[in-house]
Amino acid sequence: MEELFHSAIVVSLSLSKYNGFEIYAIRLKALGVRFGMVLLVAFVLVVSVVAIAIFSQRLDRALKGAPTIVVRSQSVEPLPKVSVIIPAYNEAANIEACVTAVLGSTTLNADQLEVLVIDDQSTDETKAIVELFQESRQDERLKLFSAGERPAGEVWVGKNWACTQAVKHAQGEFLLFIDADVRLKPQCIETTIAYAQQEKIDLLSLAVVVLCRHWSEWLVQPLIVMLLAVGFEFAPVNDPKSDTAFAAGPFMLFRRSAYEAIEGHAAVHDYVVEDVELGRRIKQKGLKLWYGLGRGLAEVQMYRSFSALWEGWTKNWFEGSNRNYQSTLYCVFVTLLIFAVPSIGLAIGLTNLVFSGLTIWNAIVLGLSAIALLQHYLIRARNEPLLSISPRYWWAMGIGGLLLCAIVLGSIVKTETGWGWTWRGRSLSAPS
(Lines give C-alpha, C1' and ligand atoms only; values in the text may rest on other atoms or scores of the structure.)
Protein backbone atom coordinates (compact mmCIF):
# COMPACT_ATOMS: atom_id res chain seq x y z
CA MET A 1 0.00 0.00 0.00
CA GLU A 2 2.84 2.35 0.88
CA GLU A 3 4.57 1.59 -2.44
CA LEU A 4 1.37 2.26 -4.36
CA PHE A 5 0.95 5.65 -2.63
CA HIS A 6 4.60 6.54 -3.44
CA SER A 7 4.08 5.65 -7.09
CA ALA A 8 0.99 7.83 -7.24
CA ILE A 9 2.96 10.81 -5.88
CA VAL A 10 5.72 10.30 -8.48
CA VAL A 11 3.20 10.09 -11.33
CA SER A 12 1.39 13.21 -10.08
CA LEU A 13 4.62 15.20 -9.89
CA SER A 14 5.59 14.05 -13.38
CA LEU A 15 2.21 15.08 -14.80
CA SER A 16 2.45 18.37 -12.98
CA LYS A 17 5.83 19.09 -14.54
CA TYR A 18 4.55 18.07 -17.97
CA ASN A 19 1.43 20.22 -17.70
CA GLY A 20 3.47 23.17 -16.51
CA PHE A 21 5.76 22.86 -19.48
CA GLU A 22 2.78 22.51 -21.79
CA ILE A 23 1.10 25.59 -20.34
CA TYR A 24 4.34 27.53 -20.70
CA ALA A 25 4.63 26.40 -24.33
CA ILE A 26 1.04 27.43 -25.01
CA ARG A 27 1.70 30.84 -23.46
CA LEU A 28 4.82 31.28 -25.61
CA LYS A 29 2.85 30.30 -28.69
CA ALA A 30 0.04 32.74 -27.83
CA LEU A 31 2.59 35.50 -27.29
CA GLY A 32 4.16 34.68 -30.63
CA VAL A 33 0.80 34.76 -32.41
CA ARG A 34 -0.09 38.05 -30.72
CA PHE A 35 3.30 39.52 -31.61
CA GLY A 36 2.89 38.34 -35.20
CA MET A 37 -0.56 39.92 -35.46
CA VAL A 38 0.64 43.21 -34.00
CA LEU A 39 3.59 43.16 -36.39
CA LEU A 40 1.22 42.51 -39.31
CA VAL A 41 -1.07 45.36 -38.24
CA ALA A 42 1.92 47.67 -37.93
CA PHE A 43 3.11 46.71 -41.41
CA VAL A 44 -0.35 47.31 -42.94
CA LEU A 45 -0.50 50.68 -41.19
CA VAL A 46 2.88 51.66 -42.64
CA VAL A 47 1.58 50.78 -46.12
CA SER A 48 -1.60 52.76 -45.36
CA VAL A 49 0.35 55.86 -44.29
CA VAL A 50 2.39 55.72 -47.52
CA ALA A 51 -0.75 55.15 -49.62
CA ILE A 52 -2.51 58.11 -48.00
CA ALA A 53 0.51 60.32 -48.71
CA ILE A 54 0.50 59.28 -52.39
CA PHE A 55 -3.26 59.76 -52.62
CA SER A 56 -2.96 63.21 -51.04
CA GLN A 57 -0.32 64.26 -53.58
CA ARG A 58 -2.45 63.04 -56.49
CA LEU A 59 -5.52 64.80 -55.12
CA ASP A 60 -3.57 68.04 -54.70
CA ARG A 61 -2.29 67.77 -58.26
CA ALA A 62 -5.75 67.03 -59.65
CA LEU A 63 -7.47 69.88 -57.82
CA LYS A 64 -4.74 72.45 -58.35
CA GLY A 65 -4.96 71.73 -62.06
CA ALA A 66 -8.76 71.86 -62.05
CA PRO A 67 -10.10 74.52 -64.40
CA THR A 68 -12.65 76.99 -63.08
CA ILE A 69 -14.79 79.71 -64.56
CA VAL A 70 -14.83 83.21 -63.12
CA VAL A 71 -18.42 84.23 -62.44
CA ARG A 72 -19.45 87.19 -64.59
CA SER A 73 -20.94 90.15 -62.78
CA GLN A 74 -23.32 90.85 -65.64
CA SER A 75 -23.96 89.96 -69.24
CA VAL A 76 -21.78 92.05 -71.56
CA GLU A 77 -22.98 90.93 -74.98
CA PRO A 78 -26.14 89.21 -76.24
CA LEU A 79 -26.10 85.47 -75.68
CA PRO A 80 -27.70 82.75 -77.81
CA LYS A 81 -30.92 81.27 -76.50
CA VAL A 82 -30.56 78.50 -73.93
CA SER A 83 -33.03 75.79 -72.99
CA VAL A 84 -32.67 74.62 -69.39
CA ILE A 85 -34.06 71.08 -69.21
CA ILE A 86 -35.05 69.56 -65.87
CA PRO A 87 -36.16 65.91 -66.06
CA ALA A 88 -38.34 65.19 -63.04
CA TYR A 89 -39.45 61.84 -61.69
CA ASN A 90 -40.96 61.97 -58.18
CA GLU A 91 -39.15 65.22 -57.37
CA ALA A 92 -41.82 66.81 -55.16
CA ALA A 93 -39.19 67.55 -52.51
CA ASN A 94 -36.91 69.36 -54.98
CA ILE A 95 -38.68 70.73 -58.00
CA GLU A 96 -39.99 74.06 -56.69
CA ALA A 97 -36.65 75.06 -55.16
CA CYS A 98 -34.83 74.01 -58.33
CA VAL A 99 -37.08 76.03 -60.66
CA THR A 100 -37.01 79.00 -58.31
CA ALA A 101 -33.20 78.93 -58.30
CA VAL A 102 -32.99 78.72 -62.10
CA LEU A 103 -35.38 81.60 -62.75
CA GLY A 104 -33.89 83.70 -59.97
CA SER A 105 -30.30 83.16 -61.10
CA THR A 106 -30.61 85.10 -64.31
CA THR A 107 -32.12 88.23 -65.87
CA LEU A 108 -32.39 86.61 -69.31
CA ASN A 109 -35.83 87.13 -70.80
CA ALA A 110 -38.09 84.68 -72.61
CA ASP A 111 -36.36 85.37 -75.93
CA GLN A 112 -33.06 84.19 -74.46
CA LEU A 113 -34.14 81.58 -71.91
CA GLU A 114 -36.70 78.83 -71.53
CA VAL A 115 -36.95 76.44 -68.59
CA LEU A 116 -38.48 73.10 -69.51
CA VAL A 117 -39.65 70.83 -66.72
CA ILE A 118 -40.37 67.39 -68.16
CA ASP A 119 -42.48 65.23 -65.88
CA ASP A 120 -41.43 61.60 -66.30
CA GLN A 121 -44.64 59.89 -65.14
CA SER A 122 -44.21 60.93 -61.52
CA THR A 123 -46.47 59.26 -58.97
CA ASP A 124 -46.09 62.05 -56.40
CA GLU A 125 -47.02 65.75 -56.52
CA THR A 126 -44.22 66.85 -58.86
CA LYS A 127 -46.48 67.88 -61.73
CA ALA A 128 -49.04 69.58 -59.50
CA ILE A 129 -46.33 71.61 -57.76
CA VAL A 130 -45.02 72.95 -61.08
CA GLU A 131 -48.54 73.76 -62.28
CA LEU A 132 -49.25 75.69 -59.09
CA PHE A 133 -45.89 77.47 -59.47
CA GLN A 134 -46.84 78.51 -63.01
CA GLU A 135 -50.18 79.86 -61.86
CA SER A 136 -48.68 81.88 -59.01
CA ARG A 137 -45.57 83.24 -60.75
CA GLN A 138 -46.85 83.70 -64.29
CA ASP A 139 -43.29 83.49 -65.63
CA GLU A 140 -43.47 82.93 -69.38
CA ARG A 141 -39.99 81.40 -69.36
CA LEU A 142 -41.25 78.31 -67.50
CA LYS A 143 -42.84 75.46 -69.45
CA LEU A 144 -44.14 72.09 -68.26
CA PHE A 145 -44.37 68.96 -70.40
CA SER A 146 -45.11 65.30 -69.83
CA ALA A 147 -42.70 62.70 -71.14
CA GLY A 148 -45.45 60.19 -71.82
CA GLU A 149 -45.25 56.43 -71.91
CA ARG A 150 -41.98 54.78 -72.81
CA PRO A 151 -42.09 52.69 -75.99
CA ALA A 152 -43.04 49.08 -75.41
CA GLY A 153 -40.25 46.62 -76.13
CA GLU A 154 -37.51 49.27 -75.85
CA VAL A 155 -35.14 49.72 -72.92
CA TRP A 156 -35.09 53.31 -71.68
CA VAL A 157 -33.42 53.71 -68.29
CA GLY A 158 -32.99 56.66 -65.97
CA LYS A 159 -33.76 60.11 -67.34
CA ASN A 160 -32.87 59.34 -70.97
CA TRP A 161 -36.50 59.15 -72.17
CA ALA A 162 -37.51 62.37 -70.43
CA CYS A 163 -34.49 64.26 -71.78
CA THR A 164 -35.11 63.00 -75.31
CA GLN A 165 -38.74 64.15 -75.20
CA ALA A 166 -37.78 67.54 -73.74
CA VAL A 167 -35.34 68.30 -76.54
CA LYS A 168 -38.20 67.95 -79.04
CA HIS A 169 -39.78 71.03 -77.43
CA ALA A 170 -36.55 72.95 -76.81
CA GLN A 171 -35.72 75.93 -79.02
CA GLY A 172 -32.34 76.92 -77.61
CA GLU A 173 -29.01 76.94 -79.40
CA PHE A 174 -27.61 75.64 -76.11
CA LEU A 175 -29.16 72.83 -74.07
CA LEU A 176 -28.48 72.83 -70.34
CA PHE A 177 -29.47 69.62 -68.57
CA ILE A 178 -29.62 69.82 -64.79
CA ASP A 179 -31.06 67.54 -62.12
CA ALA A 180 -33.92 68.64 -59.90
CA ASP A 181 -31.68 68.60 -56.83
CA VAL A 182 -29.31 71.18 -58.37
CA ARG A 183 -29.45 74.83 -57.32
CA LEU A 184 -27.99 77.33 -59.77
CA LYS A 185 -26.20 80.40 -58.43
CA PRO A 186 -26.61 83.96 -59.78
CA GLN A 187 -25.16 84.47 -63.27
CA CYS A 188 -24.43 80.74 -63.68
CA ILE A 189 -26.22 80.47 -67.01
CA GLU A 190 -24.69 83.62 -68.52
CA THR A 191 -21.23 82.73 -67.25
CA THR A 192 -21.13 79.17 -68.58
CA ILE A 193 -22.63 80.02 -71.96
CA ALA A 194 -20.26 82.93 -72.47
CA TYR A 195 -17.32 80.70 -71.56
CA ALA A 196 -18.52 77.93 -73.90
CA GLN A 197 -18.81 80.49 -76.68
CA GLN A 198 -15.39 81.96 -75.97
CA GLU A 199 -13.60 78.60 -75.79
CA LYS A 200 -15.68 76.92 -78.52
CA ILE A 201 -16.78 74.17 -76.13
CA ASP A 202 -19.30 71.57 -77.31
CA LEU A 203 -20.04 70.02 -73.92
CA LEU A 204 -19.34 71.93 -70.72
CA SER A 205 -19.90 69.91 -67.56
CA LEU A 206 -19.40 71.11 -63.99
CA ALA A 207 -18.39 69.25 -60.87
CA VAL A 208 -20.94 71.19 -58.85
CA VAL A 209 -20.46 71.73 -55.12
CA VAL A 210 -21.78 68.69 -53.22
CA LEU A 211 -23.73 69.59 -50.09
CA CYS A 212 -23.70 67.24 -47.09
CA ARG A 213 -26.57 67.59 -44.65
CA HIS A 214 -27.49 64.02 -43.72
CA TRP A 215 -25.19 61.79 -41.64
CA SER A 216 -24.80 59.25 -44.47
CA GLU A 217 -23.76 62.05 -46.82
CA TRP A 218 -21.05 63.19 -44.41
CA LEU A 219 -19.73 59.62 -44.23
CA VAL A 220 -19.64 58.82 -47.93
CA GLN A 221 -19.88 61.87 -50.20
CA PRO A 222 -16.53 63.54 -49.37
CA LEU A 223 -14.75 60.24 -50.04
CA ILE A 224 -16.50 59.74 -53.37
CA VAL A 225 -15.76 63.32 -54.46
CA MET A 226 -12.06 62.83 -53.71
CA LEU A 227 -11.88 59.43 -55.41
CA LEU A 228 -13.58 60.77 -58.54
CA ALA A 229 -11.21 63.76 -58.60
CA VAL A 230 -8.22 61.40 -58.56
CA GLY A 231 -9.77 58.77 -60.86
CA PHE A 232 -10.91 61.29 -63.48
CA GLU A 233 -8.37 64.07 -63.36
CA PHE A 234 -9.49 67.25 -65.06
CA ALA A 235 -6.40 67.63 -67.24
CA PRO A 236 -6.69 64.34 -69.20
CA VAL A 237 -10.49 64.69 -69.42
CA ASN A 238 -10.04 68.08 -71.09
CA ASP A 239 -7.16 66.92 -73.28
CA PRO A 240 -8.51 66.08 -76.77
CA LYS A 241 -5.57 63.70 -77.28
CA SER A 242 -6.50 61.63 -74.21
CA ASP A 243 -9.07 58.84 -74.23
CA THR A 244 -10.14 59.76 -70.68
CA ALA A 245 -13.67 61.15 -70.68
CA PHE A 246 -16.03 62.19 -67.93
CA ALA A 247 -19.10 64.34 -67.51
CA ALA A 248 -21.31 64.98 -64.50
CA GLY A 249 -25.04 64.55 -65.00
CA PRO A 250 -26.14 67.29 -62.58
CA PHE A 251 -24.81 69.98 -64.97
CA MET A 252 -24.27 69.34 -68.68
CA LEU A 253 -24.33 72.27 -71.12
CA PHE A 254 -24.40 71.12 -74.76
CA ARG A 255 -24.05 73.13 -77.90
CA ARG A 256 -27.15 71.89 -79.70
CA SER A 257 -25.26 71.01 -82.87
CA ALA A 258 -22.92 68.80 -80.84
CA TYR A 259 -25.81 67.16 -78.98
CA GLU A 260 -27.47 66.29 -82.26
CA ALA A 261 -24.18 65.07 -83.76
CA ILE A 262 -23.95 62.35 -81.10
CA GLU A 263 -27.74 61.73 -81.28
CA GLY A 264 -28.20 62.85 -77.70
CA HIS A 265 -29.83 60.82 -74.95
CA ALA A 266 -31.59 58.64 -77.50
CA ALA A 267 -28.22 57.13 -78.43
CA VAL A 268 -27.59 56.11 -74.81
CA HIS A 269 -31.18 55.13 -73.95
CA ASP A 270 -30.08 51.88 -72.28
CA TYR A 271 -27.10 53.34 -70.38
CA VAL A 272 -27.58 53.73 -66.63
CA VAL A 273 -24.58 56.09 -66.35
CA GLU A 274 -25.53 58.11 -69.39
CA ASP A 275 -23.55 61.24 -68.49
CA VAL A 276 -20.14 59.57 -68.72
CA GLU A 277 -21.11 57.84 -71.95
CA LEU A 278 -22.25 61.12 -73.50
CA GLY A 279 -18.90 62.62 -72.56
CA ARG A 280 -17.11 59.71 -74.23
CA ARG A 281 -19.13 60.14 -77.41
CA ILE A 282 -18.37 63.85 -77.56
CA LYS A 283 -14.62 63.11 -77.53
CA GLN A 284 -14.97 60.21 -79.95
CA LYS A 285 -16.65 62.57 -82.43
CA GLY A 286 -13.71 64.94 -82.17
CA LEU A 287 -15.83 67.55 -80.39
CA LYS A 288 -14.58 69.64 -77.48
CA LEU A 289 -15.30 68.41 -73.95
CA TRP A 290 -14.64 70.66 -70.95
CA TYR A 291 -14.98 69.54 -67.34
CA GLY A 292 -14.23 71.84 -64.41
CA LEU A 293 -15.08 72.86 -60.87
CA GLY A 294 -18.43 74.51 -60.32
CA ARG A 295 -17.60 76.64 -57.27
CA GLY A 296 -19.83 79.70 -57.16
CA LEU A 297 -21.95 78.41 -60.03
CA ALA A 298 -24.09 75.54 -58.74
CA GLU A 299 -24.55 73.16 -55.83
CA VAL A 300 -26.38 69.90 -55.24
CA GLN A 301 -27.61 67.79 -52.36
CA MET A 302 -27.79 64.43 -54.04
CA TYR A 303 -29.42 62.32 -51.34
CA ARG A 304 -31.60 63.05 -48.32
CA SER A 305 -31.44 59.63 -46.64
CA PHE A 306 -29.22 56.59 -46.34
CA SER A 307 -31.60 54.45 -48.41
CA ALA A 308 -31.54 57.00 -51.25
CA LEU A 309 -27.74 57.22 -51.09
CA TRP A 310 -27.43 53.42 -51.14
CA GLU A 311 -29.80 53.09 -54.09
CA GLY A 312 -28.11 55.89 -56.03
CA TRP A 313 -24.49 54.83 -55.73
CA THR A 314 -25.10 51.08 -56.04
CA LYS A 315 -26.99 51.95 -59.22
CA ASN A 316 -24.04 53.81 -60.73
CA TRP A 317 -20.71 52.55 -59.50
CA PHE A 318 -20.09 49.27 -61.31
CA GLU A 319 -21.87 50.43 -64.45
CA GLY A 320 -19.75 53.59 -64.43
CA SER A 321 -16.60 51.45 -64.57
CA ASN A 322 -17.93 49.74 -67.71
CA ARG A 323 -18.46 46.66 -65.53
CA ASN A 324 -14.73 46.30 -65.12
CA TYR A 325 -14.14 43.88 -62.24
CA GLN A 326 -10.45 44.66 -61.97
CA SER A 327 -10.83 48.41 -61.56
CA THR A 328 -13.87 48.05 -59.29
CA LEU A 329 -12.22 45.58 -56.91
CA TYR A 330 -9.06 47.67 -56.97
CA CYS A 331 -11.21 50.59 -55.84
CA VAL A 332 -12.41 48.49 -52.88
CA PHE A 333 -8.80 47.66 -51.97
CA VAL A 334 -7.67 51.29 -52.21
CA THR A 335 -10.66 52.54 -50.23
CA LEU A 336 -9.97 50.04 -47.45
CA LEU A 337 -6.26 50.86 -47.36
CA ILE A 338 -6.60 54.64 -47.43
CA PHE A 339 -9.77 55.31 -45.49
CA ALA A 340 -10.64 52.26 -43.33
CA VAL A 341 -7.29 50.81 -42.19
CA PRO A 342 -6.28 53.76 -39.92
CA SER A 343 -9.49 53.48 -37.90
CA ILE A 344 -9.23 49.68 -37.75
CA GLY A 345 -5.62 50.00 -36.56
CA LEU A 346 -6.67 52.48 -33.88
CA ALA A 347 -9.40 50.11 -32.66
CA ILE A 348 -6.91 47.22 -32.47
CA GLY A 349 -4.36 49.36 -30.67
CA LEU A 350 -6.86 50.58 -28.07
CA THR A 351 -8.15 47.04 -27.51
CA ASN A 352 -4.61 45.79 -26.88
CA LEU A 353 -4.00 48.72 -24.58
CA VAL A 354 -6.99 47.77 -22.43
CA PHE A 355 -6.16 44.06 -22.18
CA SER A 356 -2.36 44.01 -22.38
CA GLY A 357 -1.20 47.45 -21.33
CA LEU A 358 1.19 49.66 -23.23
CA THR A 359 3.96 47.81 -25.06
CA ILE A 360 6.46 49.04 -27.58
CA TRP A 361 4.62 47.34 -30.45
CA ASN A 362 1.24 48.56 -29.28
CA ALA A 363 2.66 52.07 -29.06
CA ILE A 364 3.86 51.74 -32.67
CA VAL A 365 0.38 50.65 -33.83
CA LEU A 366 -1.27 53.56 -32.00
CA GLY A 367 1.33 56.01 -33.30
CA LEU A 368 0.93 54.91 -36.93
CA SER A 369 -2.86 55.08 -36.61
CA ALA A 370 -2.63 58.60 -35.23
CA ILE A 371 -0.36 59.68 -38.11
CA ALA A 372 -2.79 58.25 -40.68
CA LEU A 373 -5.79 59.90 -39.04
CA LEU A 374 -3.94 63.22 -38.97
CA GLN A 375 -3.36 62.78 -42.70
CA HIS A 376 -7.12 62.33 -43.13
CA TYR A 377 -7.80 65.63 -41.41
CA LEU A 378 -5.14 67.49 -43.37
CA ILE A 379 -6.50 66.19 -46.69
CA ARG A 380 -10.00 67.37 -45.85
CA ALA A 381 -8.89 70.73 -44.43
CA ARG A 382 -6.42 71.51 -47.22
CA ASN A 383 -8.91 70.85 -50.01
CA GLU A 384 -11.92 72.54 -48.44
CA PRO A 385 -11.37 75.79 -50.45
CA LEU A 386 -11.46 73.84 -53.72
CA LEU A 387 -14.09 71.19 -52.99
CA SER A 388 -16.21 73.42 -50.73
CA ILE A 389 -16.78 70.45 -48.40
CA SER A 390 -16.10 71.12 -44.73
CA PRO A 391 -13.70 68.84 -42.79
CA ARG A 392 -16.65 68.20 -40.46
CA TYR A 393 -16.82 64.57 -39.28
CA TRP A 394 -13.38 63.88 -40.77
CA TRP A 395 -12.80 61.45 -37.90
CA ALA A 396 -15.57 59.20 -39.27
CA MET A 397 -13.81 58.60 -42.60
CA GLY A 398 -12.98 55.06 -41.48
CA ILE A 399 -16.65 54.19 -41.12
CA GLY A 400 -17.30 55.94 -44.42
CA GLY A 401 -14.59 53.86 -46.08
CA LEU A 402 -16.19 50.60 -44.92
CA LEU A 403 -19.60 51.82 -46.05
CA LEU A 404 -18.24 52.83 -49.44
CA CYS A 405 -16.67 49.38 -49.89
CA ALA A 406 -20.07 47.84 -49.16
CA ILE A 407 -21.64 50.17 -51.75
CA VAL A 408 -19.14 49.20 -54.44
CA LEU A 409 -19.53 45.47 -53.77
CA GLY A 410 -23.30 45.88 -53.61
CA SER A 411 -23.19 47.65 -56.96
CA ILE A 412 -21.50 44.64 -58.55
CA VAL A 413 -24.14 42.28 -57.19
CA LYS A 414 -27.06 44.51 -58.18
CA THR A 415 -25.78 45.23 -61.67
CA GLU A 416 -24.92 41.64 -62.52
CA THR A 417 -28.00 40.01 -61.00
CA GLY A 418 -30.59 42.77 -61.30
CA TRP A 419 -31.62 42.17 -57.68
CA GLY A 420 -32.75 45.50 -56.28
CA TRP A 421 -31.10 47.36 -59.17
CA THR A 422 -33.51 50.27 -59.21
CA TRP A 423 -33.78 54.03 -59.32
CA ARG A 424 -36.67 55.58 -57.41
CA GLY A 425 -38.25 52.14 -57.45
CA ARG A 426 -37.97 51.67 -61.23
CA SER A 427 -36.14 48.54 -62.30
CA LEU A 428 -33.01 49.12 -64.37
CA SER A 429 -32.74 45.56 -65.65
CA ALA A 430 -33.67 44.86 -69.24
CA PRO A 431 -37.02 43.06 -69.50
CA SER A 432 -36.66 39.33 -70.09
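Basis of the calculations
- Residues numbered from 1 in each chain as written.
- Predicted model: local features only at pLDDT ≥ 70, side-chain atom pairs only at ≥ 80, totals over all residues.
- Heavy atoms only, no water.
- Pairing = 2+ DSSP bridges.
- Helix = DSSP H or I, 4+ residues; strand = E, 2+ residues; numbered from the N terminus.
- Axes fitted to C-alpha atoms, helices over the stretch in contact; angles between N-to-C directions.
- Contact = heavy atoms within 4.5 Å.
- Salt bridge = Lys/Arg side-chain N within 4 Å of Asp/Glu carboxyl O.
- Buried < 20%, exposed > 50% of the residue type's maximum accessible area, 1.4 Å probe, protein only.
- Left-handed = near helix turned anticlockwise from the far one by under 90°.
- Nonpolar A, V, L, I, M, F, W, Y, C, P; charged D, E, K, R; others polar.
- Patch = residues over 30% accessible without salt bridge, like charges linked within 9 Å, V, L, I, M, F, W, Y side chains within 5 Å.
- Areas by Shrake-Rupley, 256 points an atom, 1.4 Å probe, with all protein chains shown as cover.
- Expected span 1.5 Å × (residues − 1).
- Parallel < 35°, antiparallel > 145°, perpendicular 65-115°, else oblique.
- Phe/Tyr/Trp six-rings, centres within 6.5 Å; stacked < 30°, edge-to-face > 60°.
- Lys NZ or Arg CZ within 6 Å of the ring centre and 35° of its normal.

> Can you help me understand the sheet that holds strand β2 (residues 113-119) in this one?
If you walk across this open sheet you meet the seven strands as β3-β2-β1-β4-β8-β6-β9, and the pairing is mixed. Where the open sheet ends on each side, the last strands, each with one partner, are β3 (142-146) and β9 (289-293). Neighbouring strand axes in the sheet, compared pairwise and without regard to direction, differ in orientation by 20° on average. Sitting on the sheet, helix α9 (residues 274-284) touches β6 (203-207), β8 (251-255) and β9, and the angle it makes with β8 is about 30°.

> For this particular structure, what's the right way to read the pattern of salt bridges?
Note on pairing: side chains with opposite charge can pair once their charged atoms come close. By the definition in use, this model includes 17 salt bridges. Between R150 and D120 there is a salt bridge, and its shortest N-O distance comes to 2.6 Å. Residue R150 is found in the loop between β3 and α4 (160-169), and its partner D120 is found in the loop between β2 and α3 (126-137); the two are separated by 30 residues along the sequence. Owing to a relative accessible area of 2%, D120 belongs among the buried residues under this scheme. Here E277 ties to R281 by a salt bridge, and the two come within 2.9 Å at their closest N and O atoms. One end of the pair, E277, and the other, R281, are both in helix α9, four residues apart, so they sit about a helical turn from each other. Because the salt bridges share partners, they merge into one network encompassing R58, R61 and E233.

> Teacher, can you tell me more about the packing of helix α10 (residues 306-320) against helix α14 (residues 397-417) here?
The axes of two packed helices give the description: the angle between them and the distance between them. For the pair α10 and α14, the least separation of the axes is 7 Å and the interaxial angle reads 65°. Of the two elements, α10 crosses α14, and the hand of that crossing is right-handed. Contacts between α10 and α14 pair F306, L309, W310, E311, W313, T314, N316, W317, F318 and E319 from the former with L403, L404, A406, I407, V408, G410, S411, I412, K414, T415 and E416 from the latter. Residue composition of the contact of α10 with α14, by class: twelve nonpolar, five polar and four charged.

> Explain a nonpolar patch on the surface to me, please; I cannot follow it from the model alone.
On the surface, a cluster of nonpolar side chains totalling about 340 Å² of accessible area is made up of L39, I360, W361 and I364. No other element matches helix α12 (residues 360-382), which puts three residues into the nonpolar patch. As for its placement among the helices and strands, I360 is situated in helix α12. Given a relative accessible area of 60%, I360 falls into the exposed group.

> Can you walk me through the pairing of β8 in this structure?
Both faces of the sheet carry side chains from a regular strand, because those side chains alternate between them. The element β8 is largely enclosed, with a buried count of five among its five residues. In β8, alternate side chains face the same way, and those of F251, L253 and R255 on one face and M252 and F254 on the other are all buried. As defined by bridge partners, strand β4 (residues 174-178) adjoins β8 across five bridges and the pair is classed as antiparallel. From the neighbouring strand, L176 faces β8, where its bridge partner is L253.

> How do you make sense of helix α5 (residues 188-199) when you look at a structure like this?
Residues spaced three or four apart along an α-helix face the same direction, because each turn holds 3.6 residues. Here α5 spans 16 Å end to end across twelve residues, near enough to the 16 Å set by a 1.5 Å rise per residue. Here α5 lies mainly inside the structure; nine of its twelve residues are buried. Those residues of α5 that sit buried are C188, I189, E190, T191, T192, I193, A194, Y195 and A196. Looking one or two residues past α5, K200 carries a phi angle of roughly 55°, positive in sign.

> Explain the packing of helix α6 (residues 215-231) against α10 here, please?
Orientation of α6 relative to α10, taken along the N-to-C sense of each, is 25°, at an axis distance of 10 Å. Classified by the interaxial angle, the pair formed by α6 and α10 is roughly parallel. Remark: the crossing between α6 and α10 carries left-handed chirality. Between α6 and α10, the contacting residues are W215, S216, E217, V220, Q221, I224 and L228 on the first element and F306, L309, W313 and W317 on the second. For the contact of α6 with α10, the residue count by class is eight nonpolar, two polar and one charged.

> What is the right way to read the packing of aromatic side chains from this model?
How two aromatic rings sit relative to each other is set out by the distance from centre to centre and by the angle between their planes. Counted by the stated rule, this structure contains 18 aromatic pairs. Their ring planes at 85° and their centres at 5.9 Å tell us that F177 and F254 sit as a pair that is edge-to-face. Taken together, the residues F177 in strand β4 and F254 in strand β8 connect sequence positions 77 residues apart. As far as burial versus exposure is concerned, F177 and F254 are alike and both buried. Just above the ring of W423 sits the side chain of K315; from NZ or CZ to the centre is 5.0 Å. Stacked on the ring of Y89, the Lys or Arg R426 has its end atom at 3.8 Å from the ring centre.

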